[in-house]
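The lines below spell out each chain.
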Amino acid sequence: MLFVREIKKIVKSIPYLIFVAAIIIGLFSQGVFRFNEDPLQEPQPGGVNGSYGYRYEEIPEMVMPSALSNLLSEFSNNNYTTYPIGFMKHVKLGEGEQAGMAEILSEITGISEETLLREVAGIDSAGSDNYTFQIGGDTMQQGEDDNFTIGSDAKQQNEPEKLTFAVRDDLEYSRFRELMKQADDLLGGSSKYAPDSLSQYGTVPLTYEEAKERYELALNADQITGGYARLFSDYAGAMVLSVLPVFLAVILCMKDQRAKMEALIYTKKTSAVKLTVIRYVALVTATMLPVLILSYLSNMVVWGSYSGMHLDYLAPLKYDSGWLMPSVMISTAIGMFLTELTGTPIAVAVQGLWWMFDINLGIKTVHSGYSLIRLAPRHNIGADTWFKTQDYLDNFQNLMQNRLLMAGLSLLLVIFTILIYEAKRKGKFGGNESIKRAFSSVRNRKNQSQA
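Residues numbered from 1 in each chain as written. Predicted model: local features only at pLDDT ≥ 70, side-chain atom pairs only at ≥ 80, totals over all residues. Heavy atoms only, no water.

Undergrad: Explain the layout of surface pockets here, please?
TA: Leftover empty space is mapped by rolling, across the atoms, a probe with the size of a water molecule. One number sums up the size of the second largest pocket: a volume of about 240 Å³. If you go around the second largest pocket, you meet 14 residues; those closest to its centre are Ala 315, Lys 318, Tyr 319, Tyr 392 and Phe 396. Those elements that provide at least two residues to the lining of the second largest pocket are helix H12 (315–342), helix H14 (389–394) and helix H15 (396–425). Residue composition of the lining of the second largest pocket, by class: nine nonpolar, two polar and three charged. (1 Å grid on protein atoms, 1.4 Å probe; cavity = no way out; pocket = protein on both sides within 12 Å on 5 of 7 lines; lining within 4 Å. Points joined across faces, edges and corners; volume = space filled by probe spheres on them. Helix = DSSP H or I, 4+ residues; strand = E, 2+ residues; numbered from the N terminus. Nonpolar A, V, L, I, M, F, W, Y, C, P; charged D, E, K, R; others polar.)

Right under this line is the structure:
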């Protein structure tokens, strides 16, 4: 049977063994086989305020002073933190841009731009350095009225000069958000002042009732094991299964090309549809087999901790099929399609870049990332916060749309691969040779320039 032969060819290959080893090492490093060390605990009444954790909420009275404090600190040092494509970047503004930031701060605080530039940023009106006003540590204190008093002894006066900053009483929160958006734009975007990031400045302690509700959801909706299976899927999808399957697909297709199997494949009576579909299904099956085993090993370590409780023993299978398999499908389909189209391993670079951008662009949503075009959805929440099951339930429809889109794109690429196979059989497609020659010429020119 062709399917069995394909499976045997894959699982007996060295690349497959390396693939399995990479999955095990990658997941082990994330602690997915130590979930028993993080048991689900029922919250007890009478805890100290904040002992049940906290939640982010965009409360204007909390967000405005906290965001102002952070912006003042970065403004004083002209050192702003942003996260373009997920990587931390320190931005230093030019004098004109600093003046623009001073204008934003001036509207928020009511203090003149000149004072801000001179006393905080250390730039006087003549453009020469006056002194740098360090914010943070002992020099900046917040009073009970949420005002910020900043002191400096840089002028070596007997009494330190103090400036007091506070959000203007008449500043509407809608206008404050607009000003934060201007600050974010001035920094090139992806800063902590973007409208979708302002909620991080508002943290509200969970009450006992809220913690109890989350615990009950973990027991009833997730049946405990569902939360651990979701956490495993988060790590597995983001770490390995969104990118590694492309290597298997590319290596298998390139191996056939090197072994001169193309002529045999293209002339066989077996249809292009059957050949392509069987190879694709074999690759996805071989990839998912160790994932299924590892997901159950990960989940089983917690079963003994919840003896006598109602557990969902099918949770790993459900999440493997619905959460992880679409990522494997799209990675495999890209590998087969681009390799057959170009005759080169370019699919590795394409999938690798997509994976890198997806992981890094979604770094702000690592705890809850379910956008439509995400390659690897995120829900990195463990038992210590009761899995935040409600967040998952609220985003379940978005998750299904995302996973169906990835599966649909995969099948579309498989159809395109079939068409390429069929065209090659009929001698109507030779594009891969020209593409390979183009790659060869690029390499030759590079080698000549190095010589």
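Undergrad: Can you walk me through H15 in this structure?
TA: In an α-helix there are 3.6 residues to a turn, and that puts residues three or four apart on one side. Between its first and last C-alpha, H15 extends 44 Å over 30 residues, near the 44 Å set by a 1.5 Å rise per residue. The positive-phi residue at the C-terminal boundary of H15 is Gly 427, with phi of around 70°. (Expected span 1.5 Å × (residues − 1).)

Undergrad: What should I look at first to understand the nonpolar core in this one?
TA: Side chains of a nonpolar character, in soluble globular proteins, are inclined to be buried together. Counting 73 residues, the largest nonpolar core has Phe 19, Ile 23, Leu 27, Leu 40, Tyr 228, Phe 232 and Leu 241 as the members making the most contacts within it. Mapped onto this core, the elements with two or more residues apiece are helix H1 (2–11), helix H2 (14–29), helix H7 (208–220), helix H8 (225–241), helix H9 (245–258), helix H11 (272–300), H12 and H15. By residue number, the principal contributor to this core is H12, which donates twelve residues. Residues contacting Phe 19, with those up to four places away along its chain left out, are Leu 241, Leu 244, Pro 245, Leu 248, Thr 287 and Pro 290. (Core = buried A, V, L, I, M, F, W, Y, C linked by side-chain atoms within 4.5 Å. Buried < 20%, exposed > 50% of the residue type's maximum accessible area, 1.4 Å probe, protein only. Contact = heavy atoms within 4.5 Å.)

Undergrad: Would you mind going over the environment of Arg 378 with me for this structure?
TA: Locating Arg 378 in the fold gives a position in the loop between helix H13 (346–361) and H14. Looking at Arg 378, the relative accessible area reads 9%, which means it is buried. Spatially, the C-alpha atoms of Arg 378 and Gly 237 are 8.4 Å apart, while their sequence positions differ by 141 residues. When sequence neighbours within four positions are dropped, the list of residues in contact with Arg 378 reads Asp 234, Ala 238, Trp 323, Thr 365, Val 366, His 367, Ser 368, Gly 369 and Tyr 370. Here Asp 234 takes part through its side chain, which lies 2.7 Å from a polar atom of the side chain of Arg 378. (Polar contact = N/O pair within 3.5 Å; in protein donor to acceptor, adjacent residues only side chain to side chain.)

Undergrad: Where do I start with the confidence of the model for the protein in this structure?
TA: Segments scoring low in pLDDT should not have their predicted coordinates read at a detailed level. Counting all residues, the mean pLDDT for the protein is 84, and 80% of those residues have values of 70 or more. Between residues 125–140, whose pLDDT stays under 50, and residues either more than four places distant or in other chains, the model counts 40 contacts. The low-confidence segment residues 152–160 (pLDDT under 50) makes eight contacts with residues lying over four places distant or belonging to another chain. (pLDDT = per-residue confidence, 0-100.)

Undergrad: What should I look at first to understand the environment of Asp 169 in this one?
TA: In this structure, Asp 169 sits in the loop between strand E6 (161–165) and helix H6 (173–186). In sequence terms Asp 169 and Gly 110 are 59 residues apart; their C-alpha atoms lie 9.7 Å from each other.

Undergrad: Would you mind showing me how to read the side chain of Asp 222 here?
TA: Within the secondary structure, Asp 222 is located in the loop between H7 and H8. Owing to a relative accessible area of 4%, Asp 222 belongs among the buried residues under this scheme. Beyond its immediate stretch of four places on either side in the chain, Asp 222 contacts Leu 217, Gly 227, Arg 230, Tyr 319, Phe 387 and Thr 389.

Undergrad: What is the right way to read the packing of aromatic side chains from this model?
TA: How two aromatic rings sit relative to each other is given by the distance of their centres and the angle of their planes. Per the stated rule, a full pass over the model turns up 15 aromatic pairs. Ring plane angle 35° and centroid distance 6.1 Å describe the contact between Tyr 16 and Phe 19, whose orientation is recorded as tilted. Residue Tyr 16 and its partner Phe 19 are both found in helix H2; the two are separated by three residues, about one turn of the helix. Of the two residues, Tyr 16 and Phe 19, neither departs from the other in class, the shared state being buried. Grouping aromatic residues by their ring pairs yields a cluster made of Tyr 319, Trp 323, Tyr 370, Tyr 392 and Phe 396. Cation over ring: Arg 34 sits above Phe 28, and NZ or CZ is 5.8 Å from the ring centre. One cation-aromatic arrangement involves Arg 230 over Tyr 392; the distance from NZ or CZ to the ring centre is 4.3 Å. (Phe/Tyr/Trp six-rings, centres within 6.5 Å; stacked < 30°, edge-to-face > 60°. Lys NZ or Arg CZ within 6 Å of the ring centre and 35° of its normal.)

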